Amino acid sequence: MIKIEGQGVPDDVLASLKTQVEETEKETESFNIERHNFAETHKAILYHLLTVFSVGMQVKLVEDSLESTQLVYRVTGWIPADESRSVLEELDKLSEGRIAIREYTPNEVPAVIAGHEKVPVSLKHGKFIGSFERIIFSYGSPLYGTIDPTPFVAIFFTILFGIMFGDAGQGLVFLLLGILMETKVAKVGGWNKFAPVFIAIGASSFIMGLLTGEFFATETVLEPFSRFVTGLFGEPRHAILPMMPTGSKESIIRMFTFFGFTVGVGFIINSVGLLINICNQFTLGKKGKALFGKTGLSGALFFWFVVFVAIKVFLLKKPIYIIDWVIIGITLFCSAFGEVLERIIDKEHPILENGLLSAIIGAVVELLETVITYLSNSVSFLRVGAFALSHAVLGTIIARLMEIVPLVTGKILVGIVGNGIVIVLEGMIVAIQVMRLQYYEFFSKFFNETGREFKPFKFEYNAQI
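Residues numbered from 1 in each chain as written. Predicted model: local features only at pLDDT ≥ 70, side-chain atom pairs only at ≥ 80, totals over all residues. Heavy atoms only, no water.

Caption draft 1: Focus on unusual backbone geometry. A cis geometry characterises the amide bond from H349 onward to P350, with omega recorded as 0 degrees. Tracing the backbone shows P350 in the loop between helix 15 (338-345) and helix 16 (356-379). Positive phi, normally seen in glycine, also occurs at K184, with a value near 65 degrees. Positionally, K184 belongs in the loop between helix 8 (168-182) and helix 9 (195-212). The backbone of A217 shows a phi angle near 70 degrees, a positive value even though the residue is not glycine. (Helix = DSSP H or I, 4+ residues; strand = E, 2+ residues; numbered from the N terminus.)

Written as C-alpha cells, this is what we have:
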C-alpha cells in the first residue's frame, strides 16, 4: 500500500478560472452599459409603464377591499362639503352615468352618531393662516364642528416671536428670506410653504427692533429714529423701549413692567384658550364640561377673578374683601368637584361613581392641580421677557466685541459671524419656545380630545431606473 498526500491547485486550472472571471466581468460591464443606454433611450416609456402598473395594482387592491357583487362595487368615503357637487359630477362623468350616489351629512351616519367614527376635519384658510396649519395638526386635529384655532395660533406665534427676537436688522433677514421663498427665488424643498411664516416673524421682529433700537446688535443706526419718536412725547431717548437695565431705578421699574406686560400677553392667550374650550363643549352638547372643571367656566372665572384681585391689591392698593374670598371659594369648589357636578348636569348615574371618599380625594387633587396649573401657565410667560432680555444681552456682547477688535475688517467679520449665530441658533431656540407656549399653555386648554385629519385618497408610486 502506498499513501500519497498533496496540496494546491494546478497552475493551468487557476489560469483557466482567471480567464473565465475576466471574460464574465467584461460581459457584465457590457450588459450594464447596454441596460443603462436602453433605460436612457426609453426612459419616458418605462416611467409610463411603471405608472400604469403602479396605479393598476392599487386599483386592484382597492377593488379587492370593497364590498361587491359580481357586477357592482360599493364605495364609501368622506369628501369636503364644498367639493361634493364637483366630485359627484366627475364620478358620474367617469362612470358614464352607471353610478348611484347617496350623500349623508355627518349627523346621518350611524357610526358617527354612535361615536364609533370621527368626522374628518379639513381646514380652509388663506396662504398666511394656512401656513400655520401644521402646528395644529402636529399636536392633534380639532374635533369636527369645534372652533378652528389656527387664526389664533398665527397671531400669537407672530407676536411672541417678535417680542423675544426684537432686532430690526435680523428681522429684515427673516423677512427677505420669506419673500425670496415666496417668490421661489430661494428653493428650500418643503420649507417654501412656510414662506408666510418667515415673512410674519420677520415683520414682527423688525417692529420690535424699531422699539428696542436694535439693528444687527447695534443701537447707533436707529438712534436718530428713536430720538425723533421719543422727542414727540417728551425727552428724546436712544431707544423707544430700552431693554438693557442700566442700574437706575427707572430702568429696573421699566424692566419689571415689561415682564408684567409679557405675563399680560400670557393672560390673554390663556383666556382665549379657555373661551375656545367653553364654546366647544357647549357646541358638542357637553354642558357639564363647559360649566365645571379646571378648563370650564368655573375654572375660567377662578382664573380671571384671581387676576382681578391681584391687580386690585398690587396696582390699585385696595384690600381683599370677604366677597372676594367667597367668589374664589365658590369657583374653586365648582372646579374641584367638576366631575361630580358634570354628572349632575348631564344626568348621568351614579353621581358618585366611586363613592363619596373617592370624590373628596379627587376634588382635593383637582383643587391643587387647578391652582398650580393656572399659576404655572401664567408664570411660564415670564420666559418671553427673559428671552427678550437675553436677546438684548447677546446684541450688547456682539457690539462690545466689535468695539474691541481694532481693524475695520475684523469689526465687520465679528458683526457678520455674531449676527449669523444669533439668527440661526437663537432663532431656532425662540421658535421652539413659542411652540412650547402654544402647546402647553394654549392647546392644553381645549385639546381635551383630538379629532381626525382629512386625508384625501391618492395614488402614489416610486420608480427608479
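Caption draft 2: Fine view of the packing of helix 8 against helix 9. Interaxial distance between helix 8 and helix 9 falls to 7 Å at its minimum, and their mutual angle equals 160 degrees. By the angle between their axes, helix 8 is roughly antiparallel relative to helix 9. The hand of the helix 8/helix 9 crossing is left-handed. Contact with helix 8, carried on its side by A168, G171, L172, F174, L175, L177, G178, I179, M181 and E182, involves A195, P196, F198, I199, I201, G202, A203, S205, F206, G209 and L210 of helix 9 and no other residues of that element. Considering only residue class, the contact of helix 8 with helix 9 consists of 15 nonpolar, 5 polar and 1 charged. (Axes fitted to C-alpha atoms, helices over the stretch in contact; angles between N-to-C directions. Parallel < 35°, antiparallel > 145°, perpendicular 65-115°, else oblique. Left-handed = near helix turned anticlockwise from the far one by under 90°. Contact = heavy atoms within 4.5 Å. Nonpolar A, V, L, I, M, F, W, Y, C, P; charged D, E, K, R; others polar.)

Caption draft 3: Looking closely at the layout of surface pockets. Considered as a void within the structure, the second largest pocket measures approximately 770 Å³ in volume. Taken together, 20 residues line the second largest pocket, and the ones lying closest to its centre are V263, V307, A310, I311 and F314. Going through the elements one at a time, helix 11 (249-283), helix 13 (297-314) and helix 16 are the ones with two or more residues in the lining of the second largest pocket. Its residues assigned to classes, the lining of the second largest pocket shows 16 nonpolar, 4 polar and no charged. (1 Å grid on protein atoms, 1.4 Å probe; cavity = no way out; pocket = protein on both sides within 12 Å on 5 of 7 lines; lining within 4 Å. Points joined across faces, edges and corners; volume = space filled by probe spheres on them.)

Caption draft 4: Inspection of the nonpolar core at higher detail. Ranked by internal contacts, the top residues of the largest apolar core, which has 45 residues, are L160, F442 and F443. Looking at this core, the elements with two or more residues in it are helix 6 (133-139), helix 7 (150-164), helix 8, helix 9, helix 11, helix 17 (382-404) and helix 18 (408-446). The contact partners of F443, leaving out residues within four places of it in the chain, are I135, I136, Y139, V153 and Q438. (Core = buried A, V, L, I, M, F, W, Y, C linked by side-chain atoms within 4.5 Å. Buried < 20%, exposed > 50% of the residue type's maximum accessible area, 1.4 Å probe, protein only.)

Caption draft 5: Main features of the packing of aromatic side chains. Applying the stated criterion across every chain, the model contains 24 aromatic pairs. With a centroid separation of 5.4 Å and an interplanar angle of 90 degrees, the aromatic rings of F156 and F442 are classed as edge-to-face. With F156 in helix 7 and F442 in helix 18, this residue pair connects regions lying 286 residues apart in the sequence. In terms of burial, F156 and F442 fall into one category: buried. When the centroid spacing of 4.9 Å and the interplanar angle of 15 degrees are considered together, the rings of F303 and Y374 count as stacked. Within this pair, whereas F303 is found in helix 13, its partner Y374 is found in helix 16, the two being separated by 71 residues in sequence. For F303, a relative accessible area of 4% puts it in the buried group. (Phe/Tyr/Trp six-rings, centres within 6.5 Å; stacked < 30°, edge-to-face > 60°.)

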